[in-house]
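# Summary of the model geometry
Below, each chain spelled out in residue letters.
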Amino acid sequence: MHIADHDILTPGDHPDVLVAMNPAALRANLGDVPATATIIVDVDEFTGRNLARAGYTSDPLTDGTLAAHEVHEVAMTSLTRGAVAEAGLGKKGAERCRNMFALGLLFFMYGRAAELTETFLRAKFAEDRGVADANVLAFRAGWNYGETTEAFATVRVAPAVLPSGTYRQITGNTALAYGLVAAGERAQLPVLFGAYPITPASDVLHELTKHKNFGVLTVQAEDEIAAVGAALGASFAGALGITATSGPGLALKAETIGLGVMTELPLVVIDVQRGGPSTGLPTKTEQADLLQALHGRNGESPVPVVAPRSPADCFDTALEAARIALAYRTPVLLLSDGAIANGSEPWLLPEIEELPDLRVAFATTPNTPDGSTGFWPYRRDPETLARDWAVPGTPGLAHRIGGLEKTDGSGEISYDAANHDHMVRLRRRKVDGITVPDVAVDDPDDRADVLVLGWGSTYGPIGAACRRIRRAGGSVAQAHLRHLNPLPANLGEVLARYHRVVLPEMNLGQLASVLRARYLTDIRSVTKVAGMPFTVEELQAAITTSIEEIVPA
Amino acid sequence: MTATMSDGIGSVPRSTVVATAGDYKSDQEVRWCPGCGDYIVLNTVQAFLPTLGLRRENLVFVSGIGCSSRFPYYLDTYGMHSIHGRAPTIATGMAVARPDLSVWVVTGDGDALSIGGNHLIHALRRNVNLTILLFNNRVYGLTKGQYSPTSTAGTITKSTPMGSVDAPLDPVSLALGAEATFVGRALDSDRAGLTEVLAPPPATAGPPWSRSTRTARSSTLVRSTTSRRRTPPRTASSGCGPGNRSGSAAPTSSA
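So, how was this worked out
- Residues numbered from 1 in each chain as written.
- Chains lettered and ligands numbered in written order.
- Predicted model: local features only at pLDDT ≥ 70, side-chain atom pairs only at ≥ 80, totals over all residues.
- Heavy atoms only, no water.
- pLDDT = per-residue confidence, 0-100.
- Contact = heavy atoms within 4.5 Å.
- Buried < 20%, exposed > 50% of the residue type's maximum accessible area, 1.4 Å probe, protein only.
- Helix = DSSP H or I, 4+ residues; strand = E, 2+ residues; numbered from the N terminus.
- Pairing = 2+ DSSP bridges.
- Buried area = accessible area lost by both parts, 1.4 Å probe.
- Salt bridge = Lys/Arg side-chain N within 4 Å of Asp/Glu carboxyl O.
- Polar contact = N/O pair within 3.5 Å; in protein donor to acceptor, adjacent residues only side chain to side chain.

## Details of the confidence of the model for chain B
All names here are of chain B. In this model, chain B carries a mean pLDDT of 81, and residues with pLDDT of at least 70 account for 75%. Note on residues 241-255: pLDDT is under 50 here. Beyond four places in sequence and across chains, it has 79 contacts. Here the predicted complex carries an ipTM of 0.91, next to a pTM of 0.91.

Below is the structure:
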């Protein structure tokens, strides 16, 4: 939990308070806690037996282990038991309310309003009055304990100044799901979402199953291949086909994505990245599927790639992926990751009519050059190079497409050498020509020598690190890429403007190698593949080093 | 879009004009090996489709990879020649998104039973509106004659010069095991029998929920799995030559 009077970019590097409900919890979490942190323990649980089970040979409360910390020994179990006695729960039930006692105490310390939480508890345990009462009583007892003992330092966090509107807390996976629902609404197309359960992407499927009323159909397929196959089939049939997975699943979907490239059909493929290779670290985060997304198919198989930078940004990025897929008739890869998927942040609810218009015009009349009858599936919009899209059920436009190479225009199967060369270059040109906004650079004093570039979930720690450097008097510029293919048209110029470009990634430098090849620009990679996001401290140090090499401190 | 999955072709719009077999022929030159049973299957299907009385633009044929999978190119309907073994997955998406479509999968023994075996099982048990035509010639023809999952043990091919050792898979047993709602089997050369298994069962067959869906009829199964089974060839050494036409088209239909 991170509380601030401004917009929050990361969950924070280290906690300021650790509440240890027993010796095992203390032992497991003490390593994450800096010396400045306050430690609150439930002293009732620090019995000889519990200490031994946690692997302590002496009592850490008395042996000096916690000497550096401000430690509060609170008899939480017995205080809670007493506080909730009137609710009539048994001993065990009463003791289960200890967590609410601790929460109440923290609410007192940080001056948080109690009403919403009490309302939440009443609603949560609405079917059992006794349990609801006990939880509220324990919560209040914790608050009152803090207030009456006067032993705890209190911190007041002022309200943040943010654009007005209705906010809600949202995780990345929920925001993705909402974005996909909104894309269907704005395209006025049914959405077919095919998926096979996989950590950490399954919550997108879970959320979308609730939205049939918005024309969202979900298929839990027999495997990853079937999931993307169903999505592509639905797109052929005139729906917006979408699938979501994680790295291992993306590998399995590669051949079907290639079919989508060849048949030039809209398809959104979401990869909520996790640690790899192989099964890897399913519950940990990583950004190491970028090159798989860009290149992981047979043949020259270009696909647009986009990446959200935060949980709430997943909503807009999902809409953007759908826009590109529909407007250009192409598979689009969206790279989220475990940190974004399960992380949450406040999200300002958008007005639906202010979201981009994603409607497409299906072909309804013959489009052959002589204008008589029939349909040429590979006849294109001269500007976007998107092919005409006729859906089954349209009389007179029946046509066959598939994975074999096509004659441009007519779509006839062709093994002609010159045609293949033309088509390979054309498919590339179509993706290269996708309109994407310029990358914005945040360079407040306009005299930074170092640009920190990022993509995806590193936005939070990079942004927080830049803030700290600037607060300390340093100059640093920050830019973040949503579009990884095609790259923004101004990126080469932006990279050339700075003495040094630092690029933190949770992989071994995948985007850095893409940019070096593309722009012949040196990029300083900062890499981490520990299954955890960068901490702000890590990036602050890395960026500061780069700055000081150029401008000695 | 409000139809339920068990509506079968009842949810597909009907044509007001009478179509002919010629209406279902595309302008593509048919290119299978001379004497291949696929020609007869194609002609039979083209002659059969008009009898359904459906709007031609509401038919979609999806195929995978292999000789049989050229089929969609030869029919003047919507179609997709997809990837090896995956046609049932693509067809599933079409059928779920569009209950007003009559979606057909055309596949072979390698496509459906080897690389796409898992998809076939799940398409059958999931029971969305699909009709699957499996052309079983017991050999990989397109890749020049390797043994397939339905080749009998001992089949001598380029990849099994001493005879294959694997026991063959029986597509009808597999379809029944996956509880397909209708399973039929016929020979390519038996046009009448092939037409019969292509046709939906009478609307009166079965309980109300299966009206206009294809419901398994035991007589069809018994007949198709016993009296119509041919003696398999010993070898399949040269792809799909006329002398190696074991091609029993075994439509396994799930609707």
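Moving on from the coordinates now.
## Things to note about the pairing of strand β4 (residues 130-136) of chain B
All names here are of chain B. The element β4 is extensively covered by neighbouring structure, given that seven of its seven residues are classed as buried. Burial of the side chains of β4 extends over both faces: Leu130, Ile132, Leu134 and Asn136 are buried on one face and Thr131, Leu133 and Phe135 on the other. Pairing geometry for strand β3 (residues 102-108) and β4, over six bridges, is parallel. What sits directly across from Thr107, in β4, is Leu134.

## Focus: the interface of chain B and chain A
Contacts between chain B and chain A engage 33 residues on the former and 37 residues on the latter. Both sides of the chain B and chain A interface together cover about 2800 Å² of buried area, and 63% of this is carbon and sulfur. Per-residue buried area on chain B facing chain A is highest for B:Tyr73, B:Tyr78 and B:Ile83; these three make up 24% of the total on that side. Summed over the shared surface of chain B and chain A, the result is two salt bridges. Between B:Asp76 and A:Arg400 there is a salt bridge, with the nearest N and O atoms lying 3.1 Å from each other. Taken together, chain B and chain A are joined by 19 residue pairs in polar contact (both at pLDDT 80 or more). Elements represented by at least two residues in the side of chain B that touches chain A include exactly β2 (78-81), α2 (87-97) and α4 (117-126) of chain B. The greatest single-element share of the side of chain B that touches chain A, amounting to six residues, is contributed by α2(B). Sheet topology places strand β12 (residues 400-402) of chain A next to β2(B); three bridges connect them, and they run parallel. Looking at β2(B), one finds that A:Ile401 is bridged to B:Met80.

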